[in-house]
Every structure is written in structure tokens, then in C-alpha cells.
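Chain by chain, the residues run as shown.
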Amino acid sequence: MMSRLRLLPSLLGAQAARLLATPRVQVSSCRRRSSEPPAASPGSRGGGVSSYMEEMYFAWLEDPQSVHKSWDSFFRRASEEASPGPTQSSSPSVVPESRALGSGRTKTSKLVEDHLAVQSLIRAYQIRGHHVAQLDPLGILDADLDSFVPSDLITTIDKLAFYDLRESDLDKEFQLPTTTFIGGSESTLSLREIIRRLESTYCQHVGLEFMFINDAEQCQWIRQKFETPGVMRFSSEEKRTLLARLVRSMRFEDFLARKWSSEKRFGLEGCEVMIPALKTIIDKSSEMGIENVILGMPHRGRLNVLANVIRKDLEQIFCQFDPKLEAADEGSGDVKYHLGMYHERINRVTNRNIALSLVANPSHLEAVDPVVQGKTKAEQFYRGDAQGRKVMSILVHGDAAFAGQGVVYETFHLSDLPSYTTNGTVHVVVNNQIGFTTDPRMARSSPYPTDVARVVNAPIFHVNADDPEAVIYVCSVAAEWRNTFNKDVVVDLVCYRRRGHNEMDEPMFTQPLMYKQIHRQVPVLKKYADKLIAEGTVTLQEFEEEIAKYDRICEEAYGRSKDKKILHIKHWLDSPWPGFFNVDGEPKSMTCPATGVPEDVLTHIGGVASSVPLEDFTIHTGLSRILRGRADMTRKRTADWALAEYMAFGSLLKEGIHVRLSGQDVERGTFSHRHHVLHDQEVDRRTCVPMNHLWPDQAPYTVCNSSLSEYGVLGFELGYAMASPNALVLWEAQFGDFHNTAQCIIDQFVSTGQAKWVRHNGIVLLLPHGMEGMGPEHSSARPERFLQMSNDDSDAYPVFSKDFEVSQLYDCNWIVANCSTPASYFHVLRRQILLPFRKPLIIFTPKSLLRHPDAKSSFDQMVSGTSFQRVIPEDGAAARAPGQVRRLIFCTGKVYYDLVKERSGRGLEEQVAITRLEQISPFPFDLIKQEAERNTRTWATTTTSAPAS
């Protein structure tokens, strides 16, 4: 026993230190190789390693079965080789360890260090092999923008010295660690074979970034998927399917190029493999139970995706190129490469039903990302799919936009938040290695365009897009990852753009060398077809017949497209609402019922809003005072702003309408007025949402504090509201002026969505507005911007009809309101759901009115038979004696209370009438006309609660 113990110092060599100490350095090291710290030298020591190996060694000495079989084998072999021979002395060495290591290492020491070196080598390939992978189809650029080769990868024989290994060690057998699967069924391999297999896995047409993931199980899963020998083998049938999909992808682009050579279409040439890639993700996901896939993408390749993934009728795509086509629907429409589509079909691979939705997107490349996530979350919610087993999202990105657009980062940071997670998204980056005319070296500071995904521990699979089989395998693994771990994953298709930014653009102006190579580049379809023909999987005749077959399909569809004279934009709707409109897509009526509710409903909601539904739940003493105040108001049949909101939400929940309120700090409310989530003061993280305790069979209420994001979160909620008309979805800005960081969503989706895409949306924006002593940055919600973007025609005086109020709402692009009473707020929220159509609603909400003693409404203004008043006329002394009125003031919002106070101070109650505009847009021409006629002897003044009010 003692002789064995004396062997231990020589077992604890430098390689042991590097094995267990280096990973911590490597995992947290900076990605840019130019700034990487040098790896541990062969002579470095590691005390922690000694302790670990001592534990293993002593445990093995006590009981060889108590350690893993690899340690048992290792120590058994080391002991056998280190046993002293007949001429050797068995007495322990008294040479200091450092000297022994330097001059007289035993065979055991060499064996141990060599094994540890091999483990370090394997880990180096797993961490940094992607840096030398052959990813660029053009062979020009390094995908990570750096040609430096990591010193710990064995790219030349002399680099073996980094691990204290020699060329003579190449044919020695080494025990493989449990953190690799390169051996398959073999537990040992020669060093030469180990290096070959590592290079085959990590340094060919696939580059893997995953070792930064914190979860060991997930890392092992990825290793097994890619390291196991023979995993990337395909059957003849799979290869033929891949070839057929490539034919359709490429011939579709060729057909468009032949027929409309001078049209912009943002074709997919150079990355035609994206079509079979997306279809593989969908196939694999369908196999794993997914029934609904929601896609978002920029314009490049969109027509091809519509044709060959969503399976939009080709003639409907081709007729979009006809300049004489007239739009049958109201609105401007949009260019063909921005349009979306919804389609249900049978997945031919799995023979299962699948619904596919491609969400319409403007030219703002990544703006659709949070919209897709919100729609996905809503679809999961309505299906009860809390784990994302039935509904998932796929996002397609361009390399420059993925790295450059901040909304990508905002969207990633929603991915694991409880009320926003979609349980994993597959991201596909079409890495053209150029952004319009900008070189990648000028477009990003990170090595890869995909590095943003590392912040959420999403694995990143880089793949050479000219290797279709590698692409398909990677996409299959990506889909399996998402549906196994419910986490995001990125597939980086390193490709090229055969033409300019669009088909009319000349790329040789700015990238001459790249495009000289592209012009010489053999198309991927020809490369793959030649490969399959050479190996006998298909014949040349079969390949040509497949091409002729699809060309014939395109020609026949082109012929049918000439018969189409009218464009129906609604045929491109990405979020249909079955049963909500009639068959023509029109509202079933043009009336809106009264928005009041029975008093007993108001009283019941007031009672719940002023109580704590859970037993043994300790609330804050300050909150107890607020709840007592609500109970007192309920007894007195009045409601302040917060209670009126509670009653609007609660009454809709009773009617089966799901309500979702999202934004920064909305659970409590920026101004500490809402308190929809109660927190137990004694038990950490114990909360209560009284709104979900109103009735046994009510609809669910979701209130959720968002991340500190406006662009991403508003886009998310807009997407959520797209999924169903039977939900009230609200986004509240912390302060009204903060909406300007979400201006892209407001401009491109909210205000223009119906005009461009015939897409109704009932999202509500709550924007706190008014000068309340907090300075210019927290004052104005910029009402002038929303009014400027309204489609009200101020130069056209309308003709009034019986249904003028509802017709005016139907014709507008959005509704802008600035309520002055809690009752108005209550009614306008309920009207949003009771209308027979959906329009975005912009409400400028108050701050000081939340606690203003006069800003309360009686239940009489909210009970059955009452409705939203677009205009609230004067109801005081001036109304009782209209003949005495000398001035009529029109105002909106909280300025009304300032005017009333000033009027009272001057004793002008009978001479000045004040009329409030609760709805500013569409402008209530009919009611303003009535007021003007009622006060014919006055002259009017109009004022609003602008920032200075």
C-alpha cells in the first residue's frame, strides 16, 4: 500500500493542473483570439487537481468499484507500468517533486500526463474548433473575421508540443474521457484517430459554439449529437428529398429572374439551401408534436418561403408582379416581399396537420422578431400549451441586422421571462457575409454576427451553406434541441449573396473581389446533384426530370396568374380570425352595444378589489389603507381611476374576455395606484392577484412587469393581440414619452398595419401624460404625433348618418382618447371589446388625476344603459342658463380641472361653458356641431392637456 501511495506525487503532473484548471479559464475567456490570455504552460501546477486525484486514487485503493470504470482502468494500468522491475529499487525516491518531474519522470508520470493532455486537447477542439472550421463557401473570409489559429488545436505536427506530446505518441492508444463521444462504442483510440475525429467533427463544414452553456447535460447532449461517428449519414430517400427541395428553391428564383428580370424581388440566390433548412426544422418539429409554427423573416427569400415552405399558390405570387393589378381591399397594400400568409396543410413527411403563419414585416428587418414571439405566446396560451409542445416560432435573420439591431437583444431577453417565454425559438441566420454594401469588418465588433445569442446560453451552430447535408443535419438537431430543452438555438447559414442588395443593384462597386469569386462559384444545386449522380443515388435523367417537372408547375401557374385582375390583400392575411367577421371579411354589424354593466357586478368587483382573497396573507400597512379606501368608495358608489380600471377589467373577465396588461412596473403601477399583485410581507415570493378570484368561471387575467424595454415589449404585445380578437391586450409605458423608443412598432405596425396588411388589431397603449413637476422628460406623451398619424381628414366635413359614430371608428386607423373621468376610462376600455371590429386605442392616461378628489365617477355613470361619451358637455350653471354663456371652451384631459378651478375663482360659472373631448380622433364632428348650435351666442376656445398644461 505504501509503495502505491508514494507513486501519487508523480501522478499529479502539470497536465492534471491544466486539465481541471484550464476549463475555467477557457469558458470565461474573451472570444476574440487576438486578446486571449496564453494557455497554461506545461509546467504549471494546480493544487486543486492534486486534491481531486488524491480522492479518486484513495477511493480506488479502498475499493476499485467505487470509482468510474475509466479511473479504475487508468489507475490499474498506471500501477502495472510503474511496478519496479528486478533491477530497480523499490525504495521511495527522495528527489524533490519538481526535480523529479524535470529530470527523471517515471513511466507512470508520463502516462498520466499524456492522458490528461489528450483530455485537454479534446476540450480545446470542443471549445475552439469552430475558429478553424471551413465555413465560407467562397473560401475568402474567416467566418469569425480572424485568421489566427488557436495554439491548442493540432493543425500541424509541431503543435503536439503544446501538450508535451510527440509525433511518436500519435499511434499510442488513449483512454477516452466521458465528456466525448468520438469513440462511439470504443473506449480507447490512438492519438492520431482522436485528432482526425475531432477535426472531422469540429473543423469541417460545421462549427459549434456550445461550451459556454452552464448546463453539463445540455453540453453532453450536443457532443453526442455531433461527435458520435456516422451521425451525419443520410438514406438515399432523404438525399433525394433534399435534392428535390433544392430544385424547387433554385428553380423558383430562376423562374422569377427569367420572367421579371428588371423587378426587385430580393431573391435567395446564394442561400437556396434555406428552403430545405426551414422545411427540415418544420418536419422535425412536427415529428416531435408541434402543430403550429409561426415564422418571421426579412424580405430576402420571402417569396421563396411563401411558395415552397408555406405553399402559397404560385399564381397569387406571380400576379403580384402585374403592375395593372387593382387592389380590392381598402388600404395601400404593401410590396410583395413584405406580405405574410397563414396556411394549414398536411406535413408530407409526418402526415400530420400543421398550421404555418408567416408574419408580415416592413423594411425594418428585425422589427418583426418580438411580434412573432408575442403571437406565439398567445397561441400557446389559448391552446393551454404552457410548455410549448404544440406551438413554436422560427425567426430568420440577416447577418448584419442580427448583429446590428438592438431589438434582437431585447427579444432574446424576453425568451426566459415567465410571462413572455415561448419555450424556445429556432433562429436561422442567412449569413451573406455582407450588409447591403457594408463589409462585416465594418458592421460588427463581435467575431460572429450571432454572438448576441450567447447572452441567453443559446447554442450556435455555424454551417457552410454549400454543404446541404451538413445544413440539414444541423437544422434537424436544432429543432430537436428546441423541443427537448425548450431553449433558443441559432443556425448560422454561412453563404453568399449572388446578386446585389436587390436585383437592380451593382455589388462590384464595393466588393469587387468577393463578386469575382461569386461569379465563378458553382451553384449549390449543381454541386449536390453531381455528388448524388456520382454516388448513384439519382441518375442525370431523374435530376433533369425533377427540374422539368417544377418548371412546368411554374409555367402553368404563370398562365393562370394572367387571368387575375384584382388583388385581394386579405388572401395574404397572417392572422385570420375565423368567425369574427363575415365571409367577406366585413364586420357582422355596424353597431356597438351600451358599455355599462349591472351595479351588482360593480359592487362585487369593488369588494374583491378592496380585499385579500387568500388566508394568512400579510400585506403592507400602506396597502391596507389603500384597500380600505377602495371599500369606502364602493360603499359610496363611486370609483377613482384605479377602481374604474379594476371594474372594466373585471367585468370583461366575467364575460369570458382574457385581459393582459404588460409594461414596466404595471403590477403596482408607476404611480403606486394599481396594486394588482399583492405581496406577502412575511413569505418571500408569495403573491396574490385578486383579479383572478372574481368568479369561478371567469377568463384569466395576466398582469406582468416587463423587462426595461419598450421596442421589444410593445412589439410582443402587438403580436399577442394579433392572435385573437377576444382579448383585451394593453401595454403601459412607464411614462408616456417613453413610447418614443418603440416608435418603429407604432409607425410600422400599429398605425399602418390595417392599411398595408388588412390586419385588425385591438391593442391598447396607456401613455401617462401631463406636466406634473417631473421635468420635460416625464411629461408629454406627444399627442401631436399620434394625431398627425391619424387618418382623419381635417379638410373634409363628413356626412352624418345613423351609424356615424361606429362607421367613423371603422374607417379610422386608430382611436386617440384623453379621458377626464374614471367613468370615461371604464367605458372606452369596454368599448374596445364590444365593437364589431378591432382598432388600436391610444389613451393618454393621467398622473395627478389618479388621486384628485374631484376625479371620481359615480356608479350611475357606469351602470347598465350607459356608454362612452366622446364629448362631455357642460353640466353646471352655464348649462342651466345657456343664454348667459359668453364663451365656450373645448378642452381634453386633466386641464379641465384646472379650468374649472380658475373659472370658479373668477366667478364665471354662468358666463363660461367648458366642454370636454374624451375622444380626439376620430374627431367627433357630430357632437361638436351640436355643442356649437346649442351655444350659438358664444365664441369657442379649444385647449388640450399639452405638456405645459
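Residues numbered from 1 in each chain as written. Predicted model: local features only at pLDDT ≥ 70, side-chain atom pairs only at ≥ 80, totals over all residues. Heavy atoms only, no water.

Chemist: What is the right way to look at the environment of Tyr646 in this model?
Modeler: Inspection of the secondary structure puts Tyr646 in helix H23 (residues 641-654). Between the C-alpha atom of Tyr646 and that of Gly606, which follows or precedes it by 40 residues, the distance is 7.9 Å. A polar atom in the side chain of Tyr646 sits 3.5 Å from the backbone nitrogen of Met691. (Helix = DSSP H or I, 4+ residues; strand = E, 2+ residues; numbered from the N terminus. Polar contact = N/O pair within 3.5 Å; in protein donor to acceptor, adjacent residues only side chain to side chain.)

Chemist: I tried to follow the sheet that holds strand S4 (residues 292-296) on my own but got confused; where do I start?
Modeler: Remark on secondary structure: sheet strands pair via backbone hydrogen bonds, oriented parallel or antiparallel. The sheet built from eight strands is open, its strands ordered S3-S10-S11-S9-S8-S4-S7-S6 with mixed pairing. One side of each edge strand has no neighbouring strand; the edge strands of this open sheet are strand S3 (206-209) and strand S6 (341-347). Recorded for the sheet is a direction-independent mean angle of 20° between the axes of neighbouring strands. (Pairing = 2+ DSSP bridges. Axes fitted to C-alpha atoms, helices over the stretch in contact; angles between N-to-C directions.)

Chemist: What exactly am I supposed to notice about the packing of helix H9 (residues 236-259) against helix H20 (residues 540-561) here?
Modeler: Axis angle and axis distance: for two packed helices, these are the angle between their axes and the distance between the axes, and together they describe the pair. Close contact between H9 and H20 brings their axes to 9 Å; oriented N to C, the two are set at 45°. Here H9 is positioned oblique relative to H20, judged by the angle of their axes. The hand of the H9/H20 crossing is right-handed. Counting all contacts with H9, which are made through Arg240, Leu243, Ala244, Val247, Arg248, Arg251, Phe252, Phe255 and Lys259, the residues of H20 involved are Glu542, Phe543, Glu546, Ile547, Tyr550, Asp551, Ile553, Cys554, Glu555 and Tyr558. A breakdown of the residues in the contact of H9 with H20 according to their chemical character gives 11 nonpolar, no polar and eight charged. (Parallel < 35°, antiparallel > 145°, perpendicular 65-115°, else oblique. Left-handed = near helix turned anticlockwise from the far one by under 90°. Contact = heavy atoms within 4.5 Å. Nonpolar A, V, L, I, M, F, W, Y, C, P; charged D, E, K, R; others polar.)

Chemist: Explain the pattern of salt bridges to me, please; I cannot follow it from the model alone.
Modeler: Pairing is possible between side chains of opposite charge, provided their charged atoms come close. The final tally for this structure, using the stated rule, is 48 salt bridges. Note that Glu291 is salt-bridged to Lys390, the shortest N-O span being 3.5 Å. On the criterion of sequence distance, the pair formed by Glu291 in the loop between helix H10 (274-287) and S4 and Lys390 in the loop between helix H13 (368-382) and strand S8 (391-398) is long-range, its members being 99 residues apart. A salt bridge links Asp632 to Arg635, with the shortest nitrogen-to-oxygen separation between them at 3.4 Å. Remark: Arg635 and Asp632 occur in helix H22 (residues 621-635); sequence separation between them is three residues, near one turn of the helix. The exposed category is assigned to Arg635, whose relative accessible area is 62%. (Salt bridge = Lys/Arg side-chain N within 4 Å of Asp/Glu carboxyl O. Buried < 20%, exposed > 50% of the residue type's maximum accessible area, 1.4 Å probe, protein only.)

Chemist: Teacher, can you tell me more about helix H19 (residues 524-535) here?
Modeler: Owing to its 3.6 residues per turn, the α-helix aligns residues three or four sequence positions apart on the same side. Over its 12 residues, H19 runs 17 Å from end to end, which matches the ideal 16 Å to within 8%, given 1.5 Å per residue. Here the buried face of H19 lies against H9, helix H17 (468-485) and H20. Phi turns positive one or two residues past the end of H19, at Gly536, with a value near 85°. (Expected span 1.5 Å × (residues − 1).)

Chemist: I tried to follow the packing of helix H24 (residues 711-722) against helix H25 (residues 743-750) on my own but got confused; where do I start?
Modeler: Viewed as axis vectors pointing N to C, H24 and H25 meet at an angle of 30°, and their least axial separation amounts to 8 Å. With respect to each other, H24 and H25 are oriented roughly parallel. Seen from H24, the contacting residues are Tyr711, Leu714, Gly715 and Leu718; seen from H25, they are Cys744, Ile745, Ile746, Phe749 and Val750. Here the contact of H24 with H25 is composed, by residue class, of eight nonpolar, one polar and no charged.

Chemist: What is the right way to look at unusual backbone geometry in this model?
Modeler: In terms of backbone geometry, most residues other than glycine have negative phi values and most peptide bonds are trans. The amide bond that connects Ser921 to the next residue, Pro922, takes the cis arrangement and shows omega of 0°. Although it is not a glycine, Phe266 adopts a positive phi angle of roughly 55°. Its place among the elements puts Phe266 in the loop between H9 and H10. Residue classification places Phe266 among the buried residues on the basis of a relative accessible area of 7%. The backbone phi angle of Asn351 is positive, close to 60°, even though this residue is not glycine. Structurally, the position occupied by Asn351 is in the loop between S6 and strand S7 (352-358).

Chemist: Help me understand the pairing of S6 in this model?
Modeler: Pairing of S6 with S7, which is carried by seven bridges, proceeds in the antiparallel orientation. By the bridge assignment, Tyr342 is partnered in S7 with Ser357. Linking S6 back to S7 in an antiparallel pair, the connection comprises four residues, with Asn351 at a positive phi of about 60°.

Chemist: It is not clear to me how the confidence of the model for the protein chain should be interpreted in this structure. Could you clarify?
Modeler: As a general rule, the predicted coordinates of low-pLDDT regions are not to be interpreted in detail. Summing up the model confidence of the protein chain, the mean pLDDT is 87 and the portion of residues at 70 or higher is 88%. pLDDT under 50 marks residues 1-50. Its contacts with residues more than four places away, or in other chains, come to 95 contacts. Residue range residues 85-104 is modelled with pLDDT below 50. Its contacts to residues more than four positions away, or to other chains, number 13 contacts. (pLDDT = per-residue confidence, 0-100.)

Chemist: Is there a simple way to explain the pairing of strand S14 (residues 658-663) in this structure?
Modeler: Along any regular strand, the residues point their side chains to alternate faces of the sheet. Here S14 lies mainly inside the structure; six of its six residues are buried. Of the two faces of S14, both are covered, the one formed by His658, Arg660 and Ser662 as well as the one formed by Val659, Leu661 and Gly663. As paired strands, S14 and strand S18 (residues 727-732) are joined by six bridges and run parallel to one another. Considered in S18, the bridge of Val659 is made with Leu728. As judged from the five bridges shared by S14 and strand S17 (residues 701-705), these two strands associate in the parallel manner. The residue bridging Val659 from the neighbouring strand is Tyr701, located in S17.

Chemist: Got a minute to help me understand the nonpolar core in this structure?
Modeler: Among soluble globular proteins, nonpolar side chains are generally buried collectively. One finds Ile194, Met274 and Phe318 to be the most contacted residues of the largest nonpolar core, which totals 160 residues. Of all the elements, H17 adds the most residues to this core, at 11 residues. What Met274 contacts, discounting residues up to four positions off in sequence, is Leu268, Met297, Val305, Val396, Val430 and Leu493. Residues Phe580, Val703, Cys819 and Leu850 belong to the second largest nonpolar core, which totals 69 residues. (Core = buried A, V, L, I, M, F, W, Y, C linked by side-chain atoms within 4.5 Å.)

Chemist: Before we go on, may I ask you to explain the side chain of Ser857 in this structure?
Modeler: Structurally, Ser857 can be placed in strand S22 (residues 857-858). Here the side chain of Ser857 touches Ala823 through a polar contact of 2.9 Å, landing on its backbone nitrogen. Once residues within four sequence positions are removed from consideration, Ser857 is found in contact with Arg637, Thr638, Ala639, Thr821, Pro822, Ala823 and Met862.

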